[in-house]
Amino acid sequence: MTTGTPDFRDSGLRFPDTFIFGAATAAYQIEGAVHEAGRGPSIWDTFSHSPGNVLGGDTGDVADDHFHRLEEDLDLIASLGLDAYRFSIAWPRIQPSGRGPANEAGLEFYGRLVDGLVARGIKPIATLYHWDLPQALEDEGGWRNRRTAYAFADYARIVGRALGDRVHTWTTLNEPWCSAYLGYGSGEHAPGRQSALEAFTAVHHLNLAHGLGVLALREVVPASARMSITLNLHVVRGEAEAARRLDAMGNRAFTWPLLKGVYPADLLADTRTVTDWSFVCPGDLEIVNQPLDVLGVNYYSTSLVRESAASEAQPAGDGASAWPGTGDIEWLEQAGPRTEMGWNVDPSGLVELLESLRDEFPGLALMVTENGAAYTDVVSDNGSSVHDYDRIDFLRRHFTAAHRALESGVNLIGFFVWSLMDNFEWAYGYSKRFGIVRVDYETLERTPKDSALWYKDLIAGRRIP
Ligand code: IFM
């Protein structure tokens, strides 16, 4: 039964003692030290250093300098009382050119991170791929090339062998939608390619990499280790046919092969002028369809769409689009409030998404692996405090939404705030701050914002303050 205020601004709601409260980051967004300890170049190094790709010419060269501030950051994580910390491992730190033997210095860094978490009683949740593909693999075709999926499995095996006894949950990929459609469709993300065919090819090779990665991990990690993938699923509302098409391309292109072992027939039909999906080889879908212990869900906002009467259907051929072949679909302006990203704030979308996953995949454990917001911080005169009321309000509403999902029988086991600290927000560079901890990019000093203190309170009491 759903209770509480209609605007999701509840307080006092209690979460189960076993609920996992965490915060998340990703390697390229925080680590810096891109030329150190044997790390090879990634597609994001190349992309961010190519003029015009990232706002202000920002790069991840220094980022939050987390690589050099590991101990300080571990203490920061512990000071907030987090149950778990979700981080990603940079593939080019482990295999500088994407293949071959492990770079011991890279493994040593993540070993220290994992040990530091365990020593502080914090569960390590490791993502193997959060977009920083070794450039050498992109030079061989990147996710257009099936061999990249096999290289990913080798990489997963190396990392699993080194850290498998201490990592609580393994996430193969973060948001493969972004890797495929923004990386190869619209070109807004690295490697900046713009082709519908390449985007769909990348979708499948990422799905394949997930399956091969899980199989490789299972060879080397203890049976108790949990396997997952994180998807940014789209809550698409509005006209049914337009919503169906976007749901097929954005959501079911991943959930169905991963969880049912098939690509949706409507997706194959919708995209037939671009591809016959013959890059899906016999046996692939059995590999992709591995049992999952938990599905990670990243949620930020909703979309409202309708088919446009005005424009002719855009041929689903090549051209820059994150949603290839959907030029006839209009994305409608939605009611506010909005975050600094321009995304609408709608916690009801999170409930809707979690409930729809509960209904489609009964029993599957779910974890919100990212939720949070970019806002402009109000820093006190002496810099010692940061008042981010908007972010607290955003988080309150989304924790309330998560609680409502729990009440309605969703098997939701955890919630991770994006992000632990301000960081490199991809094509927006450092212009958007998602952190609950402020990073001063001049001094690299960290200051917990009011939202961090609010979250600490929440975790300590297992209830929304
Ligand atoms: O910063 C990103 C993160 O890397 C992936 N999910 C969305 C976040 C905010 O845009």
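Computed from a predicted model, the values in this text were never measured in an experiment.

Criteria and cut-off values
The residue numbering used here restarts from 1 in each chain and proceeds along that chain's sequence as written. Local features in this predicted model are restricted to residues of pLDDT 70 or higher, and side-chain atom pairs are both shown and tallied only at a pLDDT of 80 or more, whereas totals for entire chains, interfaces and linings draw on every residue. No hydrogens and no water enter the side-chain calculation; it runs on all heavy atoms of the structure. Put simply, DSSP marks the helices as runs of H or I at least four residues long and the strands as runs of E at least two long, and each gets a number from the N terminus on. C-alpha atoms define the radius of gyration, and 2.2 Å times the number of residues to the power 0.38 defines the globule rule. Only protein chains enter the accessibility calculation, which uses a 1.4 Å probe. A residue is then buried if its area is under 20% of the maximum for its type, exposed if over 50%, and partly exposed in between. Whether two residues touch is decided by their heavy atoms; if any such pair falls within 4.5 Å, the residues are in contact. Strand pairing is assigned whenever DSSP detects at least two bridges linking the two strands. Orientation is described by axes fitted as lines to C-alpha atoms, over the contacting stretch for helices, and by angles from 0 to 180 degrees between their N-to-C directions. It suffices for a single heavy atom of a residue to lie within 4 Å of a molecule or strand for the residue to be listed as near it. Contacts described as polar in this section are N or O atom pairs within 3.5 Å, which, within protein, must combine one atom able to donate a hydrogen with one able to accept it, while residues neighboring in sequence count only if both atoms come from side chains. Per-residue accessibility takes into account occlusion by the displayed protein chains alone, with areas from the Shrake-Rupley method and a 1.4 Å probe. Nonpolar residues are Ala, Val, Leu, Ile, Met, Phe, Trp, Tyr, Cys and Pro. Charged residues are Asp, Glu, Lys and Arg, and all others, Gly as well, are polar.

Participant: How do you make sense of the overall build of the protein when you look at a structure like this?
Facilitator: Helices and strands together make up the secondary structure of the protein, namely 15 helices and 15 strands. For 465 residues, the compact-globule estimate of 2.2 N^0.38 gives 23 Å, and the protein sits close to it at 21 Å. Expressed as lengths along the three principal axes of its C-alpha atoms, the size of the protein is roughly 60 × 55 × 45 Å. Burial statistics for the protein: of 465 residues in total, 62% are counted as buried. Within the protein, contacts between residues at least 6 apart in sequence are counted, and of these 78% link residues at least 24 apart.

Participant: It is not clear to me how the sheet that holds strand 7 (residues 294–298) should be interpreted in this structure. Could you clarify?
Facilitator: Whenever strands of a sheet pair, they do so through backbone hydrogen bonds, lying parallel or antiparallel. Taken together, eight strands build a closed barrel; the order of strands is 1-2-3-4-5-7-10-13 and the barrel is parallel. Along the sheet, successive strands turn relative to each other by an average axial angle of 25°, direction set aside. Direction of pairing for strand 7 relative to strand 10 (residues 366–371): parallel, over a ladder of four bridges. Bridging across to strand 10, asparagine 298 finds its partner in glutamate 370. On top of the sheet, helix 15 (residues 450–461) reaches strand 1 (20–24) and strand 13 (412–418); it is set at about 155° to strand 1, its chief contact.

Participant: When you look at the site of the ligand in this model, what are you seeing that I'm missing?
Facilitator: Taken together, Gln29, His130, Trp131, Asn174, Glu175, Tyr300, Trp343, Glu370, Trp418, Glu425, Trp426 and Phe434 form the complete shell of residues around the ligand. The side chain of glutamine 29 places a nitrogen or oxygen atom 2.8 Å from an oxygen atom of the ligand. For the ligand, whose unbound accessible area comes to 280 Å², protein coverage reaches 94%. Its residues assigned to classes, the shell around the ligand comprises six nonpolar, three polar and three charged.

Participant: Would you take a moment to explain the side chain of threonine 275 for this structure?
Facilitator: Note that threonine 275 resides in the loop between helix 11 (265–270) and helix 12 (284–288). A relative accessible area of 7% places threonine 275 in the buried class. A distance of 2.8 Å separates a polar side-chain atom of threonine 275 from the backbone nitrogen of tryptophan 277. Contacts of threonine 275, omitting those with residues within four sequence positions, involve Leu197 and Phe200.

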